[in-house]
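Each chain is listed here by its residues.
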Amino acid sequence: MSFGETPITVIGNLTADPELRFTPSGAPLAKFTIAATPRTYDKDSGKWTDGTATFFRCAAWRQLAEHVAESLTKGSRVVAFGRIRQHNWQTPEGENRSMLALEIDEIGASLRFTTVDIAAKRPATTATPGDDAWDAVADGPAAKSGAEPPF
């Protein structure tokens, strides 16, 4: 993140399935919208009341874009972190337009109301067996003795 950028975290639901596109140079781009709706509890009625939803148009690039398109669908509740970007353009009639969008740096499923199965692929490594701290915990003396891991 560069100096002067506006970071933002948004929690909400996808309004539609992410749309995966590719730029002319072949870079993946996923576009989607997150609706964030505040809720307040009304003590008198004993019910939750929805406020006015805010819709955030979002873009994710490269490998993140592909992961978003493969993993998230309409209605998915997410926690997204990114930067606000302003886009300016001119209409064919010569009118100036602008919009704010969220360029996503990180996004994941919210576990507040549901569970998920994560099918993580372990990244390729050049380390030799036993060099990885996680392997050491799983396969090391502590694991064989039944002792608790050190974290």
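Just above, that's the structure.
Anyway, here's the lowdown on the structure attached to this text.

## Quick look at the pattern of salt bridges
In the structure shown here, the tally under the stated rule is 6 salt bridges. A salt bridge links Glu103 to Arg85; the shortest N-O distance between them is 3.2 Å. Here Glu103 is found in strand E8 (residues 96–109), whereas its partner Arg85 is found in strand E7 (residues 77–90), with 18 residues between them in sequence. A residue is classified by how much of its surface remains accessible, and Glu103, at 21% relative accessible area, is partly exposed.

## Here we look at the side chain of Ser110
Looking at where Ser110 falls in the secondary structure, it is placed in the loop between E8 and helix H2 (133–139). In this structure the side chain of Ser110 is engaged in a polar contact, spanning 3.4 Å, whose partner is the backbone nitrogen of Arg112. When residues no more than four places from it in sequence are discounted, the contact partners of Ser110 are Arg77, Val78 and Val79.

## Some remarks on the side chain of Ser76
Take Ser76: it is sitting in the loop between helix H1 (62–71) and E7. A relative accessible area of 16% means that Ser76 is categorised as buried. A polar atom in the side chain of Ser76 sits 2.8 Å from the backbone oxygen of Thr73.

## A word on a nonpolar patch on the surface
On the surface, a nonpolar cluster with roughly 320 Å² of combined accessible area is contributed by Leu111, Val116 and Ile118. Within the fold, Val116 resides in the loop between E8 and H2. By relative accessible area, which is 37% here, Val116 ends up partly exposed.

## Quick word on the nonpolar core
If you look at the biggest cluster of nonpolar residues, it comprises 17 residues, and the most contacted ones within it are Phe32, Ile34, Ala60, Val68, Ile104 and Ile107. Those elements that place two or more of their residues in this core are strand E1 (7–14), strand E3 (28–36), strand E6 (54–61), H1, E7 and E8. Ignoring anything within four residues of it in the chain, the contact list for Phe32 reads Leu14, Pro18, Phe56, Arg57, Cys58, Ala60, Val68, Ile104 and Ile107.

## A closer look at the pairing of E8
Note that E6 and E8 share 2 bridges and pair parallel. From the neighbouring strand, Cys58 faces E8, where its bridge partner is Leu102. The pairing of E7 with E8 spans 13 bridges and is classified as antiparallel. Considered in E8, the bridge of His87 is made with Met99.

About the criteria used
- Counting of residues starts from 1 at the beginning of each chain's written sequence and follows it residue by residue.
- The predicted nature of this model means local features are confined to residues of pLDDT at least 70 and side-chain atom pairs, given and counted, to a pLDDT of 80 or more, with totals for whole chains, interfaces and linings taken over all residues.
- Each side-chain value is worked out from all heavy atoms of the structure, with water and hydrogens disregarded.
- Basic side-chain nitrogens of Lys or Arg form a salt bridge, by our definition, when they fall within 4 Å of a carboxyl oxygen of Asp or Glu.
- Numbered from the N terminus, helices here are DSSP runs of H or I no shorter than four residues, and strands are runs of E no shorter than two.
- Accessibility here uses a 1.4 Å probe with only protein chains present; expressed as a share of the type maximum, an area under 20% marks a residue as buried, one over 50% as exposed, and anything in between as partly exposed.
- Nitrogen and oxygen atoms within 3.5 Å of one another constitute a polar contact, given that in protein one can donate a hydrogen and the other can accept it, and given that sequence-neighbouring residues count only through two side-chain atoms.
- Contacts are residue-level and defined by heavy atoms, with any inter-residue pair within 4.5 Å sufficient.
- Only residues whose relative accessible area exceeds 30% and that form no salt bridge enter a patch; like-charged residues are grouped when within 9 Å of one another, and nonpolar side chains (Val, Leu, Ile, Met, Phe, Trp, Tyr) when within 5 Å.
- Note on areas: Shrake-Rupley, 1.4 Å probe, and residue coverage restricted to the protein chains presented here.
- The criterion is simple. A nonpolar core is a set of buried Ala, Val, Leu, Ile, Met, Phe, Trp, Tyr and Cys residues joined through side-chain atoms within 4.5 Å.
- Here the rule is simple: two strands pair whenever DSSP picks up at least two bridges between them.

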